[in-house]
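Summary of structural features
Below are the chains, spelled out letter by letter.
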Amino acid sequence: MVGVDGTPASEEAIAVAFEEASWRGARLVAIHCWHEAFLAAVFEEGRWTMDSTAVAEHEHELLAQRLAGWPEKYPDVVVDRVVRAGRPAEQLLDLADRAQLLVVGSRGRGGVSGLALGSTSQSLMSYALCPVVVARGTRAHAK
């Protein structure tokens, strides 16, 4: 399973996940989550309305964009795409109990701050029932 946040930071996670799925002969579940509370803050009540259907379509498209080209590089890997609203750590943990491996990226900014894991990565490494790989650039840290 790979968590795809929709930013370039998840590229290394996608690469590691496809390689691992191919090596294991396993299906790959690519999951993308977005947090509705964040969007609700952007669309203040009375000023704008949030079209949840449009948001969901956008998030599906974002996942498709991030996965573009990978199935061609790994034709032996079957990919299941999952898009869910909710906190990423909670959604990933919900599915991780059925995974052989969970791969996520990290938005480390470099320097001292780049050495720390984000809150999602920390939660996953603490509570996932499967091994977790946090892929950063050319480095990967495993639980």
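Residues numbered from 1 in each chain as written. Predicted model: local features only at pLDDT ≥ 70, side-chain atom pairs only at ≥ 80, totals over all residues. Heavy atoms only, no water.

Concerning the packing of aromatic side chains
Definition in use: Each Phe, Tyr or Trp ring (for Trp, its six-membered ring) is paired with any other whose centre lies within 6.5 Å, and the angle between the two planes then decides the class: stacked below 30 degrees, edge-to-face above 60, tilted in between. Relative accessibility decides the category of a residue: with a 1.4 Å probe and only protein chains considered, values under 20% of the type maximum give buried, values over 50% give exposed, and everything between is partly exposed. Only Lys NZ and Arg CZ are tested; either one counts as a charge over a ring when it is within 6 Å of the ring centre and within 35 degrees of the ring normal.
One pass over the full model with this rule turns up three aromatic pairs. Seen in terms of ring centroids, Trp 70 and Tyr 74 are 6.4 Å apart; in terms of plane orientation they differ by 20 degrees. Their pairing is stacked. Residue Trp 70 is classed as buried on the basis of its relative accessible area of 11%. The lysine or arginine in question, Lys 73, covers the ring of Trp 70, its NZ or CZ lying 4.3 Å from the ring centre.

Some details on the confidence of the model for the protein chain
As a reminder of what qualifies: Confidence of the predictor at the level of single residues is given by pLDDT, which spans 0 to 100. Per the convention used, a helix needs a DSSP run of H or I reaching at least four residues, while a strand needs a run of E reaching at least two, with both numbered from the N terminus. We call two residues in contact when some of their heavy atoms are within 4.5 Å.
Looking at the protein chain, the pLDDT average stands at 82 and 76% of residues meet or exceed 70. Across the protein chain, the secondary-structure element scoring lowest on mean pLDDT is strand β6 (residues 139-142), at 46, and the one scoring highest is helix α4 (residues 70-73), at 97. Confidence over residues 109-115 falls short of pLDDT 50; this stretch has four contacts with residues more than four positions distant or in other chains. Here residues 139-143 is modelled with pLDDT under 50, and outside its nearest four sequence neighbours on either side it reaches 16 contacts, counting other chains as well.

Here's the deal with the packing of helix α5 (residues 88-96) against helix α6 (residues 119-127)
How two helices pack is summed up by the angle between their axes together with the distance between the axes. This is how it is decided: Angles shown run from 0 to 180 degrees and are taken between the N-to-C directions of axes, each axis being a line fitted to C-alpha atoms and, for helices, limited to the stretch in contact. In what follows, roughly perpendicular refers to angles from 65 to 115 degrees, roughly parallel to angles under 35, roughly antiparallel to angles over 145, and oblique to any angle outside these ranges. By definition, turning the near helix anticlockwise from the far helix through less than a right angle yields a left-handed crossing, and turning it clockwise yields a right-handed one. Lys, Arg, Asp and Glu make up the charged group, whereas Ala, Val, Leu, Ile, Met, Phe, Trp, Tyr, Cys and Pro make up the nonpolar group; the residues left over, Gly among them, are polar.
The N-to-C vectors of α5 and α6 enclose an angle of 30 degrees; their axes lie 9 Å apart at closest approach. On the basis of the axis angle, α5 is roughly parallel to α6. For the pair α5 and α6, the crossing hand works out as right-handed. For the pair α5 and α6, contact is made by Pro 88, Ala 89, Leu 92 and Leu 93 and by Thr 120, Ser 123, Leu 124 and Tyr 127, respectively. Counted by class, the contact of α5 with α6 contains six nonpolar, two polar and no charged residues.

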